[in-house]
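Residue strings, one per chain:
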Amino acid sequence: MRRGCLVFCLVWMSVGLSAQTNTGALTGVVRDTSGGVLPGATVLATHPDSGRTVERVTGVEGRFFLPALPTGRWEVAVEMPGFGRQTQTGVNLEI
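Along each chain, the written sequence defines residue order, and numbers are assigned to residues from 1. pLDDT decides what is reported in this predicted model: residues at 70 or higher carry local features, side-chain atom pairs at 80 or more are listed and counted, and totals for whole chains, interfaces and linings draw on all residues regardless. Only hydrogens and water are set aside; all other atoms, that is, all heavy atoms of the structure, feed into the side-chain values.

Visitor: Summarise the overall build of the chain; cite the residues concerned and give the values.
Guide: Looking only at helices and strands, the chain features zero helices and seven strands. Starting at the N terminus, the α and β elements of the chain follow one another as β-β-β-β-β-β-β. Relative to its full complement of 95 residues, the chain shows a buried share of 35%. Long-range pairs, those at least 24 residues apart, make up 54% of the contacts in the chain between residues at least 6 apart in sequence. All accessible-area figures derive from a Shrake-Rupley calculation using a 1.4 Å probe, and residue coverage is judged against the displayed protein chains alone. When the accessible surface of the chain is totalled, it reaches about 5,500 Å², and 52% of it is carbon and sulfur. Helix and strand assignments come from DSSP, with helices taken as H or I runs of at least 4 residues and strands as E runs of at least 2, each series counted from the N terminus. We call a residue buried when its accessible area falls under 20% of the maximum for its residue type, exposed when it is over 50%, and partly exposed in between, using a 1.4 Å probe and counting protein chains only. In this analysis, two residues are considered to be in contact whenever any of their non-hydrogen atoms come within 4.5 Å of each other.

Here it is, written out as C-alpha cells:
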C-alpha cells in the first residue's frame, strides 16, 4: 500500500450570532504534499473541553466547511486511506 502525506490549510472565521451565543466556523483545503487537492478526505474537529466532535468529508476541490462551532480551542485532524493522519492542535476560535 502506498503511503502519502497530507497537508491541510485551515482558515478560521469567528462570527458572533448573538450576545449570548458565540460561534465560529472552520474552513480549509486538504492537499497532498505535491499540492494536489484531496476530495473524499475526512476532517474531524474535536472540542477538548466539551468532547464535541464534528465530521465532514472534503468536496471535489478538497474543501471543507465546519459551521456553527462554539468558540474556544479545537483539535482538527484529517484522515484518508493511503495517507497518514495529520492533526493540528490548539486551533482557537475567538470572537
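Visitor: Any details on the pairing of strand 7 (residues 86–93)? Residues and values, ideally.
Guide: Pairing between strands is defined by DSSP: at least two bridges between the two strands are required. Sheet topology note: the strand 6 (residues 72–79)/strand 7 ladder contains six bridges and is antiparallel. Within strand 7, the position partnered with valine 76 by the bridge is glutamine 88. Linkage of strand 6 to strand 7, two consecutive antiparallel strands, is achieved through a turn of six residues, within which glycine 82 is found at a positive phi near 90°.

Visitor: Lay out the confidence of the model for the chain in plain terms, naming residues and giving numbers.
Guide: Caution applies to low-pLDDT parts of the model: their predicted coordinates are not meant to be read in detail. Per residue, pLDDT measures the predictor's confidence, with a range of 0 to 100. Put simply, the chain has an average pLDDT of 80, and 77% of its residues get 70 or more. Within the chain, the lowest mean pLDDT, 51, falls on strand 1 (residues 6–16), and the highest, 95, falls on strand 4 (residues 52–57). When the criterion is pLDDT under 50, residues 11–19 qualifies, and its contacts beyond four places in sequence or with other chains add up to 28 contacts.

Visitor: If you had to explain unusual backbone geometry to someone new, which residues and values would you point to?
Guide: For alanine 68, which is not a glycine, the phi torsion comes out positive at approximately 55°. Summarising the element assignment, alanine 68 is placed in strand 5 (residues 63–70). Relative accessible area serves as the criterion here: at 42%, alanine 68 is assigned to the partly exposed category.

Visitor: Can you tell me about the pairing of strand 4, naming the residues and giving the values?
Guide: As judged from the six bridges shared by strand 3 (residues 42–47) and strand 4, these two strands associate in the antiparallel manner. Across the sheet, the residue bridging to valine 43 is arginine 56, located in strand 4. The loop that links strand 3 with its antiparallel partner strand 4 comprises four residues; one of these, glycine 51, has a positive phi angle of about 80°.

Visitor: Which residues make up the nonpolar core, and what values do they have?
Guide: The nonpolar core is taken to be a set of buried Ala, Val, Leu, Ile, Met, Phe, Trp, Tyr and Cys residues, with the residues joined through side-chain atoms within 4.5 Å. Counting residues in each nonpolar core, the largest one holds 17 residues, and the members touching the most others are Leu26, Val30, Val43, Leu66 and Leu69. Of all elements in the fold, only strand 2 (22–32), strand 3, strand 5, strand 6 and strand 7 reach the threshold of two or more residues within this core. For valine 43, the residues in contact, after removing those within four places along its chain, are Val30, Val54, Glu55, Arg56, Thr58, Phe64, Leu66, Val76, Ala77 and Val78.

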